There are 2 protein chains.
Amino acid sequence: MYKPGLHLIASLQCSNLNYLEKADYLKTVIDQQITFHQLQNLGEVYHQFDPGGFTAIVCLSESHLSAHSWPEHQLLNIDIYLSNFQRVNDGVVRSIFNSIVEKLEATILHQQEIVR
Amino acid sequence: MYKPGLHLIASLQCSNLNYLEKADYLKTVIDQQITFHQLQNLGEVYHQFDPGGFTAIVCLSESHLSAHSWPEHQLLNIDIYLSNFQRVNDGVVRSIFNSIVEKLEATILHQQEIVR
């Protein structure tokens, strides 16, 4: 069975609600990471909920990245899935995740890697 | 720790390459499922690769749905993640998954549920 890449799934606790109520800051972090790691953004959807919270999905040529926030629970759920079609991206998956955790000053509640 | 919903992750083998080379048919199935289960599509990205294969992500008010195909490996990777904010959607997640498997005449290579 062919397994194209690494999918990292995580739940983060983030006490700074500015990072969870609106997607602006996380979008900046994600965009920086996409540029830094020379990934290709094929399209994205960022949706803002009222009064706070967002859902974000970024379609990459290497697979996808998603984020869903629940500020009322200080919760951010993250998916980073990159295929290894043109290069091995396992380290990039972990690097992006670590950057998000660091930049959002978040605590990891749950972290899981699936090779798929 | 608050766990908003159920995330179903799967790898499918699909021998009918018409379903994996272009997203048209899967998009029809997904759209039907979204309508049938009264989910809300907030935006989507479908990207076609050359010569064949696609990546698709649908942003839902209930979280997201993604699909990545590798026709050269008869492989389709599926994610269905629905939160239980307004109603319990665990059964809907499984129902959508079963419909995709059935409609694509696929074999399940890997299936995993994560409550998150």
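All of these numbers come straight from a predicted model, not from anything done at the bench.

Trainee: Help me understand the overall build of chain A, please; the structure alone is not making it clear to me.
Mentor: Looking only at helices and strands, chain A has 3 helices and 6 strands in total. Helices and strands in chain A line up, N terminus first, as β-α-α-β-β-β-β-α-β. Counting only C-alpha atoms, chain A reaches 40 × 25 × 25 Å along its principal axes. Taken across its 116 residues, chain A has 54% of its residues classed as buried. Within chain A, contacts between residues separated by at least 24 positions form 59% of all contacts whose residues are at least 6 apart in sequence. Here chain A has roughly 5100 Å² of accessible surface; of this, 47% comes from carbon and sulfur atoms. One way to put it: in chain A the 7 positive side-chain charges average out to a point 8 Å from where the 12 negative ones average out.

Trainee: Would you mind showing me how to read the environment of E113 of chain B here?
Mentor: Residues and elements named next belong to chain B. As for its position among the elements, E113 is in strand 6 (residues 107–115). Once residues within four sequence positions are removed from consideration, E113 is found in contact with L6, H7, L8 and R94. A distance of 2.7 Å separates a polar atom in the side chain of E113 from a polar atom in the side chain of R94.

Trainee: Which parts of the structure should I look at to understand the packing of aromatic side chains?
Mentor: In this description, a pair of aromatic rings is defined by centroid distance and the angle of the planes. Here the structure, examined in full by the defined rule, presents 2 aromatic pairs over all chains. Ring geometry for Y19 of chain B and Y25 of chain B: centres 4.4 Å apart, planes at 15 degrees, overall stacked. On the basis of relative accessible area, Y25 of chain B is assigned to the partly exposed category, the value being 30%. The lysine or arginine in question, R116 of chain A, covers the ring of Y81 of chain A, its NZ or CZ lying 4.9 Å from the ring centre.

Trainee: Please explain the interface of chain B and chain A as it appears in this structure.
Mentor: Taken together, the 36 residues of chain B in the interface contact 36 residues of chain A. Summed over both partners, the interface of chain B with chain A comes to about 2900 Å²; 70% of that surface belongs to carbon and sulfur atoms. Of all residues in chain B, Y2, I57 and R116 of chain B bury the most surface against chain A, accounting for 19% of the area lost on that side. If you look at where chain B meets chain A, you find 2 salt bridges. Residues R116 of chain B and D79 of chain A are paired through a salt bridge, measuring 2.7 Å at the closest nitrogen-oxygen approach. Along the contact surface separating chain B from chain A lie 10 residue pairs in polar contact (both at pLDDT 80 or more). Of all elements in the fold, only strand 1 (5–13), strand 2 (41–48), strand 3 (54–60), strand 4 (63–70), strand 5 (75–83) and strand 6 of chain B reach the threshold of two or more residues within the side of chain B that touches chain A. No other element matches strand 5 of chain B, which puts 6 residues into the side of chain B that touches chain A.

Trainee: Would you take a moment to explain the sheet that holds strand 2 of chain B for this structure?
Mentor: Through backbone hydrogen bonds, the strands of a sheet pair up, either in parallel or in antiparallel fashion. Residue and element names in this part refer to chain B. In spatial order, the strands read 2-3-4-5-1-6; together these 6 strands make up an open sheet with antiparallel pairing. Looking at which strands have only one partner, the edges of the open sheet turn out to be strand 2 and strand 6. Taken pair by pair, the neighbouring strands of this sheet meet at an average axis angle of 5 degrees, ignoring direction. Looking at chain direction, strand 4 and strand 5 are connected through 8 bridges and run antiparallel. The partner of S69 across the bridge, within strand 5, is L76. Docked against the sheet, helix 2 (residues 24–36) engages strand 2, strand 3, strand 4 and strand 5, running at close to 170 degrees with respect to strand 2. In this fold helix 3 (residues 90–103) packs onto strand 1, strand 4, strand 5 and strand 6, with an angle of close to 10 degrees to the strand it touches most, strand 1.

Trainee: Help me understand the relation of the copies chain B and chain A in this model?
Mentor: Here the two chain copies are tied together by a rotation about an axis and a shift along that axis. The two copies are related by a screw operation: chain B maps onto chain A through 180 degrees of rotation and 0.0 Å of translation along the axis, at an RMSD of 0.0 Å. When the rotation and shift are considered jointly, the pair of chain copies conforms to a two-fold rotation axis. With an isologous cut-off of 70% or more, the 100% of interface residues of chain B that recur at the interface of chain A puts this contact in the isologous class.

Reading guide: rules and limits
- Residues numbered from 1 in each chain as written.
- Chains lettered and ligands numbered in written order.
- Predicted model: local features only at pLDDT ≥ 70, side-chain atom pairs only at ≥ 80, totals over all residues.
- Heavy atoms only, no water.
- Helix = DSSP H or I, 4+ residues; strand = E, 2+ residues; numbered from the N terminus.
- Buried < 20%, exposed > 50% of the residue type's maximum accessible area, 1.4 Å probe, protein only.
- Contact = heavy atoms within 4.5 Å.
- Areas by Shrake-Rupley, 256 points an atom, 1.4 Å probe, with all protein chains shown as cover.
- Lys, Arg positive; Asp, Glu negative; His and termini not counted.
- Charge placed at Lys NZ, Arg CZ, Asp CG, Glu CD.
- Polar contact = N/O pair within 3.5 Å; in protein donor to acceptor, adjacent residues only side chain to side chain.
- Phe/Tyr/Trp six-rings, centres within 6.5 Å; stacked < 30°, edge-to-face > 60°.
- Lys NZ or Arg CZ within 6 Å of the ring centre and 35° of its normal.
- Buried area = accessible area lost by both parts, 1.4 Å probe.
- Salt bridge = Lys/Arg side-chain N within 4 Å of Asp/Glu carboxyl O.
- Pairing = 2+ DSSP bridges.
- Axes fitted to C-alpha atoms, helices over the stretch in contact; angles between N-to-C directions.
- Least-squares fit on C-alpha atoms with pLDDT ≥ 70 in both.

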